[in-house]
Amino acid sequence: MKRLVLFLVLTALVLGVFAALTWWVDPLGEVWKPAAYAAARHDGCLLSEELVGNRYYSFKLAVFHARPTRTFVVGSSRVLKIASHPGERTFANLGYPGTAPSTLLSLFRALPATPVQTVYLGVEAFWFNRRYAIPDTNPSGYHVLEYLLSRSAFWTSYQQFRLLPYVRPPHRWRIATVGRRCTIARGYPAINWNPDGSRVWSWELDPKKYPKFHGTPFSAGLALWRNGYYDDWHGLDHARLAQLGQTLALARARHWHVVGFAPPEPAPLEHRLDTDPRLAPEWHAFLRLMPRLFARYRDEWIGLAVRCPASDFPDEFHSDAACSDRLRARLDEAARQLH
Amino acid sequence: MLFNSFPFILFFLPAVAVAYFAVPQHRLRLLLVIGASYYFYAYADWWFPALMAGSTAISFTVGRLLGQETNERRRKVGLAVGIAGVLALLAYFKYTAFAGGYALDFVHLITRRSFPDARHFLHGIVLPIGISFYTFEGISYMVDVYRGTLQAERDPLRYAFFISFFPHLIAGPIVRYGILQPQLTQKHHFDADRVRSGLLLFALGLAKKVLLADGLARWVDHYLATPGQLGLVNAWLSALGFGFQIYFDFSAYSDMALALARIFGIELPWNFDRPYRSASPTEFWRRWHVTLSTWLRDYLYIPLGGNRKGAGRQDLNLLATMALGGLWHGASLNFVAWGVYHGVLLAGTHHARRRGLSLPRPLGVIVTFVLVTLGWVLFRMRSAHAIGALYAGMFGAHGIGGVPGHLALYVVVASALVFGLPEEWRWPVGRWNTALVAATAVLFAVAVSSVYTSHPFIYFRF
């Protein structure tokens, strides 16, 4: 019996050590680290994307709860530059890359029904392309357990633990400087998050050290352009439309005020969406359907209400702060009319 | 569910084992394990258990009828109906697409019509894992009852346990009811030594699978993806690597099956005994997948006449038995070719023996190992073109080529284990001291942490 117990205990112990090290180092960003976000808020720093990893969903929930949120924006990575006004504490940006109608529904269900919220909902046309694969931004406990017990993750963790002093206890991260801002980071903080959940590219703060991103041009073909989100697009996916409807219904049941919008497009690419025979039918169907859908739930749809010059899109996909500020002003105006 | 998966190791096995020993009544325990086994099977696809239940019902009912019936003619008809019943399921799910595909190709050749709907239907037939194994178990039960070497089972619970018991359900060993029946009549009390012994063997099996077989698979798959580019050294190392990979993969599964059954107080028959140490093809088949080779011997080769009807007929019987054995592995002509190849080797061995020819044992081991390795090419490569390309490489048609370092290292380690140590189920794990138990626990933890990237067992396909 003693040797049986020894076998079981030792096995559990070794696996526990593997899991603990992987949990601590988390080389693939599968573990949500609330303390990193708390440290960023405490020190008035940004939070590097490296410490959020694939846990956008948990991060954005934490952003919501860390603030007296009354207004929030949701949507894809293209709404992430919509930020609070100076000194505004009641605004949160709950958008994240990989958002889709199904993730919106989960997020809305996880948020408290009260106090009443004003929601700015950025809807992407490509969400309704069946080919758009929704990444897992809220991994299950089982998935995380698999990761923690995985030998390859352990080995990577061990190598990082050995080489990088800032992942060794008592530290789990370091305070890095990007331009004139500090960020809670690991190795290379190329993307950072403000405490309100909006995003800051490091090249905005220190263009010499951090290179700008470049998108794949439209001429490369739909399979490559914008990660292939618009490729092989035939019709609007009914299941995803129904999920968006459920999300709006839930918001209506909670008496939330929702303003829907399509994230701004650079003029040349809006022209492509309007005229390219592979895209135009679905794009126009999307633009026709959204006002009707939002009206059904007595919500406001402002569509592509803000036009920004092409220079406001550093990678021809995501709008910059200037464009997003104009969009925020337009959303605030629409929300005032709703109230 | 795979033995080499987190759901099995972390949840299913501990839960079933704890519940098994917590339940006081023997029949409730049987029921518990049957329920768990059906759940284990349903994990692959929800409708698989219905198929297994159907096959179980056929063989159990026929067994009861054979046990009661005294009229020889009726007994023969009953046995034939029973075998046809369970074989029909196997034939439909495993061989319809194979036979239908060739039939459609033939018709296409004559009529130039392609029958896309029929082909679509054939491609849609899913092979339920484990069906080849429990079909053979059902047949052996019915035949044994018919022959009078086994009493027909009256208790459907015990019989359902025999067919569905999850350790041997998916990939064997092919258990005869005569081995399991006496073990199912008594309650097994918790025995820490036996459970420890089972866990240690399971740990060794898992390590063999995820560290050796999967490690070999990574390199073997890489090289064999382009057999036409392999030089002499690469081609031989790839073929040897596959020989070790399939051996470690399948023997690991068998070790784990034995180990799991042992945890529940049941001893299953062993399946492998370092087959690459065999000095002849005959000996190889007495050490490789033994529960299949003895099944083929007892239920196919001997009924066909075995060696009782002259040398020529024996050759034919061997070829037929091994060809069917090859076909059992998979509905594909390369498996038939592999079976026929081994039939020829076995027939050749018998002829050599009759003429008094024999090799010194070390030379016999080398020759047998090389012949078996050449046979694995037929088993592994699915097309005639790929088989030809690999053989061409092995015989130097593509030059000497470089040495694939990682694969060579794996082959050296595998050879040392195979030729230096006995088969793992023979290791006296029950008597191991604290240091060996502790070392195995560490090995087990490393193996468990490797299942995340582990491959399914090769024999799951069969």
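We now turn to the structure provided with this report. The structure presented is a predicted model; accordingly, all values stated were derived computationally and were not measured.

### Observations regarding the overall build of chain A
Here's step 1: When its secondary structure is counted, chain A shows twelve helices and ten strands.
Here's step 2: The C-alpha radius of gyration computed for chain A amounts to 22 Å, which stays within 12% of the reference 20 Å derived for 339 residues, consistent with globular compactness.
Here's step 3: Considered along the principal axes of its C-alpha atoms, chain A spans approximately 70 × 50 × 45 Å.
Here's step 4: Among the 339 residues that make up chain A, the fraction classed as buried is 55%.

### Here's the deal with the sheet that holds strand S1 (residues 46-48) of chain A
Residues and elements named next belong to chain A.
Here's step 1: On the basis of which strands lie adjacent, the open sheet formed by five strands has the order S5-S6-S1-S7-S8 and mixed pairing. Each edge of the open sheet is held by one strand with a lone partner, namely strand S5 (174-178) and strand S8 (199-201). Adjacent strand axes in the sheet meet at a mean angle of 40°, parallel and antiparallel pairs treated alike.
Here's step 2: Against the sheet, helix H2 (residues 34-43) touches S1, S5 and strand S6 (181-185), its axis set at about 165° to S6.

### Describing the interface of chain A and chain B
Here's step 1: In this assembly, 18 residues from chain A lie in contact with 29 residues from chain B.
Here's step 2: Buried surface at the junction of chain A and chain B, summed over both partners, amounts to about 2000 Å²; 79% is from carbon and sulfur atoms.
Here's step 3: At the boundary of chain A and chain B, one finds zero salt bridges.
Here's step 4: Of all elements in the fold, only helix H1 (2-25) and helix H6 (141-148) of chain A reach the threshold of two or more residues within the side of chain A that touches chain B.
Here's step 5: Per element, the largest residue contribution to the side of chain A that touches chain B is ten residues, and it comes from H1(A).
Here's step 6: Its residues placed into classes, the side of chain A that touches chain B shows twelve nonpolar, three polar and three charged.

### Let's talk about the packing of aromatic side chains
All names here are of chain B.
Here's step 1: Taken as a whole and judged by the stated rule, the model has 89 aromatic pairs over all chains.
Here's step 2: Summarising the aromatic geometry, the rings of Tyr 141 and Tyr 177 are spaced 5.6 Å apart at their centres and angled 85° between planes, so their arrangement reads as edge-to-face. With a gap of 36 residues between them, Tyr 141 in helix H6 (residues 131-147) and Tyr 177 in helix H9 (residues 177-180) connect regions that are remote in the sequence.
Here's step 3: Exposure remark for Tyr 141: the relative accessible area of 0% places this residue in the buried category.
Here's step 4: Using a relative accessible area of 0% as the deciding quantity, one classes Tyr 177 as buried.

### Structural notes on the side chain of Arg287(B)
Residues and elements named next belong to chain B.
Here's step 1: Following the sequence through the fold, Arg 287 ends up in helix H12 (residues 281-287).
Here's step 2: Using a relative accessible area of 18% as the deciding quantity, one classes Arg 287 as buried.
Here's step 3: There is a polar contact of 2.7 Å between the side chain of Arg 287 and the backbone oxygen of Asp 273.
Here's step 4: A distance of 3.1 Å separates the side chain of Arg 287 from the backbone oxygen of Arg 274, its partner in a polar contact.
Here's step 5: Residues in contact with Arg 287, not counting those within four places in the same chain, are Asn 271, Phe 272, Asp 273, Arg 274, Pro 275, Arg 277, Ser 278 and Arg 361.

### A look at the state of the cysteines
Residues and elements named next belong to chain A.
Here's step 1: Per the stated rule, a full pass over the model turns up two disulfides over all chains.
Here's step 2: Between the sulfur of Cys 45 and that of Cys 182 lies a disulfide, 1.9 Å long from S to S. Across the S-S bond linking Cys 45 and Cys 182, the dihedral sits near -100°, which makes this disulfide left-handed. Of this pair, Cys 45 sits in the loop between H2 and S1 while Cys 182 sits in strand S6, and the two are 137 residues apart along the sequence.
Here's step 3: Disulfide partner of Cys 308: Cys 323, at an S-S distance of 1.9 Å. Taking the sign of the torsion about the S-S bond as the criterion, the disulfide between Cys 308 and Cys 323, at about 80°, is right-handed. Residue Cys 308 is found in the loop between strand S10 (300-301) and helix H12 (321-338), and its partner Cys 323 is found in helix H12; the two are separated by 15 residues along the sequence. For the residue pair Cys 308 and Cys 323, the accessibility class agrees, reading buried in each case.

### Things to note about a nonpolar patch on the surface
Here's step 1: A cluster of nonpolar residues, Met1(A), Val5(A), Val9(A) and Phe190(B), forms a patch on the protein surface that exposes about 380 Å² of accessible area.
Here's step 2: Given a relative accessible area of 53%, Met1(A) falls into the exposed group.

### Structural notes on the sheet that holds strand S2 (residues 71-74) of chain A
Residue and element names in this part refer to chain A.
Here's step 1: Spatially, five strands are ordered S3-S2-S4-S9-S10 in an open sheet, and the strand pairing comes out parallel. With partners counted over all chains shown, the strands left at the sheet margins are strand S3 (91-93) and S10, one partner each.
Here's step 2: Bridge count between S2 and S3: three bridges; the pairing is parallel. Bridging from a neighbouring strand, Phe 72 pairs with Ala 92 of S3.

### Description of H6(B)
Here's step 1: Spanning 17 residues, H6(B) covers 24 Å between terminal C-alpha atoms, matching the ideal 24 Å at 1.5 Å per step.
Here's step 2: Among the 17 residues in H6(B), 16 count as buried, and that is most of the element.

Rules behind the numbers
Throughout, residues of each chain are indexed from 1 in the direction in which the sequence is written. Chain letters start at A and ligand numbers start at 1, both assigned in the order the entries are written. The model is predicted, so local features are restricted to residues of pLDDT at least 70 and side-chain atom pairs to those at 80 or more, both for listing and for counting; the totals for chains, interfaces and linings are taken over all residues. Side-chain calculation: all heavy atoms of the structure are included, whereas hydrogens and water are not. Helix and strand assignments come from DSSP, with helices taken as H or I runs of at least 4 residues and strands as E runs of at least 2, each series counted from the N terminus. Atoms counted for the radius of gyration: C-alpha only. Globule rule: 2.2 Å times the number of residues to the power 0.38. Think of it in three bands: with a 1.4 Å probe and only protein chains considered, a residue is buried below 20% of the maximum accessible area for its type, exposed above 50%, and partly exposed in between. The pairing criterion for strands is at least two bridges between them, as found by DSSP. Every angle, taken between N-to-C directions, lies between 0 and 180 degrees, and every axis is a line fitted to C-alpha atoms, over only the stretch in contact when it is a helix. We call two residues contacting when some pair of their heavy atoms lies within 4.5 Å. Reported buried area values correspond to the accessible surface (1.4 Å probe) lost by two parts on association, with both partners' losses combined. What counts as a salt bridge is simple: a side-chain nitrogen of Lys or Arg found within 4 Å of a carboxyl oxygen of Asp or Glu. Note on residue classes: Ala, Val, Leu, Ile, Met, Phe, Trp, Tyr, Cys and Pro are nonpolar, Asp, Glu, Lys and Arg are charged, and everything else, Gly too, is polar. Each Phe, Tyr or Trp ring (for Trp, its six-membered ring) is paired with any other whose centre lies within 6.5 Å, and the angle between the two planes then decides the class: stacked below 30 degrees, edge-to-face above 60, tilted in between. Definition of a polar contact: a pair of N or O atoms within 3.5 Å, with one able to donate and the other able to accept a hydrogen when the atoms are protein atoms, and with sequence-neighbouring residues admitted only if both atoms are side-chain atoms. The criterion for a disulfide is a pair of cysteine sulfur atoms lying within 2.5 Å. What makes a patch is a set of residues exposed beyond 30% relative accessible area and free of salt bridges, joined within 9 Å when like-charged and within 5 Å when nonpolar (Val, Leu, Ile, Met, Phe, Trp, Tyr). Each accessible area is a Shrake-Rupley result for a 1.4 Å probe, and residues are judged covered by the shown protein chains and nothing else. Here the expected length of a helix is defined as 1.5 Å per residue gap, with one fewer gap than residues.

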